[in-house]
Amino acid sequence: MKKIGAIVLVLAMVLSLAACGGTSSSQAGSTPATSGSSADAKPLKIGISVPNMTNVFFLQIKAGIEEALTGPNDEVVIMDANGDQNKQMNDVADMISQGCNVIGLSPINSDGVRATLEACKEAGVPVIAFNVGVKNPELVASTIVSDNEESGHMCAKALAEALGGKGKVVEITFSTTTTCYARQKGFEDEIKANYPDIEIIQAKDVEKATSDYSQPIMVDFINANPQIDGVFTINDPTARGAIAALKEANLIDKVKVVSVDGSDEGKDFIRAGEMVASAAQDPERIGRTTVETAYKLLAGETVEKDVIIPMSIIDSSNVDG
């Protein structure tokens, strides 16, 4: 409650400044630089909150965001929540107090982010959810995500092929976000529908989607199950932890790993024969689309409510293609 109270206090200050002629919370009538804006048009100042900048995926999103800025006075404020939901809440409040007129948010928790979204609405600052959706989509102007459920299907097919259609599989999951839940759902639906001889024997959520948290889970899986033939992980950083545990147990040549992201790190795992496949996202495109949507919001234009970015599978056949 103290955290929420702090946000309300910050937002009250922002609204007070707006009433005194400071940063306005209404962007109607403004025109982005991409539409031939006049010199006095309001520049874009977009605040971006990401879960963890140690993940190369978010560095690639950052590059796409910076590439898409077009006006000489446009700017981006990027804050790293370090996997902490309360920090993310405070970061967003801070960005609003800095005068950000659009917020781009990749939620740590799709349900728990509601208080942050309501605070943005109260301040009159539109929110774009990118990479991860929210459980209350009416509180965001647009959601920009990869085709995550399809990525789960892709991973299941790749793993099933590597296993010859049979075996025992474990999952390292992160169901507190809509994105990772969709990946898990796609994977499980594909296995259940088309591969009756593949059994999912155990699944567990990581506290944070990083290798530090996935490695001990994989160790527990190995200790609890005499036979593991395959592993599905929800992103390449969690795959890193699983691979490390398999190496320590001298099982890396026996257990097949699949993941989601298609990052440079994931490609290296595939080249090394440590991972079968990774369903590739397009982080730069997610970043560019987020900024393009922000410009439209600033201009008072209608934006697409749901934007789905296609994905593809990367394996040994095309990793260097």
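Our subject in this report is the structure included herewith. Note that residues are indexed from 1 along each chain, following the sequence as it is written. Restriction of local features to residues with pLDDT of at least 70 applies here, the model being predicted, together with a cutoff of 80 or more for giving and counting side-chain atom pairs; totals for whole chains, interfaces and linings are based on all residues. Hydrogens and water are ignored here; the side-chain numbers use all heavy atoms of the structure.

## Structural notes on the packing of helix H3 (residues 85–97) against helix H4 (residues 114–123)
Then comes step 1: Orientation is described by lines fitted to C-alpha atoms, with helices fitted over the stretch in contact, and by angles between N-to-C directions that extend from 0 to 180 degrees. Put simply, DSSP H or I for four residues or longer makes a helix, DSSP E for two residues or longer makes a strand, and each gets a number counted from the N terminus. H4 packs onto H3 with a crossing angle of 15° between their chain directions and a minimal axis gap of 10 Å. One element, H3, and the other, H4, form an angle in the roughly parallel class. As H3 packs across H4, the resulting crossing turns out to be right-handed. Across the interface between the two elements, Met89, Val92 and Ile96 of H3 pack against Ala115, Thr116, Cys120 and Ala123 of H4.
Then comes step 2: Its residues placed into classes, the contact of H3 with H4 shows six nonpolar, one polar and no charged. Here the angle decides the label: under 35 degrees means roughly parallel, over 145 means roughly antiparallel, 65 to 115 means roughly perpendicular, and every other value means oblique. Each crossing is labelled by how the near helix is turned from the far one, with a counterclockwise turn of less than a right angle marking it left-handed and a clockwise turn marking it right-handed. Throughout, a contact is declared for two residues whenever any of their heavy atoms are within 4.5 Å. As a working rule, the residues Ala, Val, Leu, Ile, Met, Phe, Trp, Tyr, Cys and Pro are called nonpolar, Asp, Glu, Lys and Arg charged, and the rest polar, with Gly in that last group.

## Structural notes on the side chain of Ser214
Then comes step 1: Examined against the element boundaries, Ser214 turns out to sit in helix H7 (residues 211–224).
Then comes step 2: In this structure Ser214 touches Ile172, Val206, Pro237, Thr238, Gly241 and Ala242, once residues within four positions along its chain are discounted.

## Remarks on the sheet that holds strand E9 (residues 256–261)
Then comes step 1: Strand order in the open sheet formed by six strands is E7-E6-E8-E9-E10-E12, with mixed pairing between adjacent strands. Among the strands making up the open sheet, the edge pair consists of strand E7 (198–205) and strand E12 (312–315). With strand direction ignored, the average angle separating the axes of adjacent strands in the sheet is 20°.
Then comes step 2: Of the strand pairs in this sheet, strand E8 (residues 230–233) and E9 are connected by three bridges, and their pairing is parallel. Strands are treated as partners if at least two bridges between them are detected by DSSP.

## Focus: helix H10 (residues 283–298)
Then comes step 1: An ideal rise of 1.5 Å per residue puts 22 Å on 16 residues; H10 measures up with 23 Å between its terminal C-alpha atoms.
Then comes step 2: Think of it in three bands: with a 1.4 Å probe and only protein chains considered, a residue is buried below 20% of the maximum accessible area for its type, exposed above 50%, and partly exposed in between. Regarding H10, the residues found buried are Pro283, Ile286, Gly287, Thr289, Thr290, Val291, Thr293, Ala294, Tyr295, Leu297 and Leu298.
Then comes step 3: Following H10 by one or two positions, Gly300 has its phi on the positive side, about 75°. Expected helix span is given by 1.5 Å per residue-to-residue step, counting one fewer step than there are residues.

## Digging into helix H9 (residues 264–271)
Then comes step 1: Within H9, the full set of buried residues consists of Gly266, Phe269 and Ile270. Relative to the axis of H9, the buried residues are bounded by an arc of 100° and lie together on one face.
Then comes step 2: Of the surrounding elements, those touching the buried residues of H9 are helix H8 (236–248), strand E10 (277–280) and E12.
Then comes step 3: Phi turns positive one or two residues past the end of H9, at Gly273, with a value near 75°. This arc is built from the directions going out from the helix axis to the C-beta atoms.

## Considerations on the pairing of strand E5 (residues 142–146)
Then comes step 1: Across the five residues that make up E5, a large majority, five, are buried.
Then comes step 2: Neither face of E5 is exposed, since Ser142, Ile144 and Ser146 on one face and Thr143 and Val145 on the opposite face are all buried.
Then comes step 3: Note: strand E4 (residues 127–130) against E5, three bridges, orientation parallel. Bridge pairing in E5 links Phe130 to Ile144.

## Things to note about the packing of aromatic side chains
Then comes step 1: Aromatic pairs are defined between Phe, Tyr and Trp rings, using the six-membered ring for Trp, whenever the two ring centres lie within 6.5 Å; interplanar angles under 30 degrees are classed as stacked, those over 60 as edge-to-face, and all others as tilted. Across all of its chains, the model carries two aromatic pairs by this definition.
Then comes step 2: Between the aromatic rings of Phe57 and Phe58, the centroid separation amounts to 5.4 Å while the plane-to-plane angle is 80°, which identifies the pairing as edge-to-face.
Then comes step 3: Between the aromatic rings of Phe187 and Phe232, the centroid separation amounts to 4.3 Å while the plane-to-plane angle is 10°, which identifies the pairing as stacked. You can see Phe187 sitting in helix H6 (residues 178–194) and its partner Phe232 sitting in strand E8, a full 45 residues away along the chain.
Then comes step 4: Taking the relative accessible area as the measure of exposure, Phe187 reaches 0% and is therefore buried.
Then comes step 5: By relative accessible area, which is 0% here, Phe232 ends up buried.

## What to know about the sheet that holds strand E3 (residues 102–105)
Then comes step 1: Across the sheet, which stays open at both edges, the six strands sit in the order E2-E1-E3-E4-E5-E11 with parallel pairing between neighbours. Each edge of the open sheet is held by one strand with a lone partner, namely strand E2 (75–80) and strand E11 (306–309). Pairs of neighbouring strands in the sheet enclose a mean axial angle of 15°, with direction left out of account.
Then comes step 2: Judged from the four bridges that link them, E5 and E11 form a sheet pairing that is parallel. Of the residues in E11, the one forming a bridge with Val145 is Ile308.

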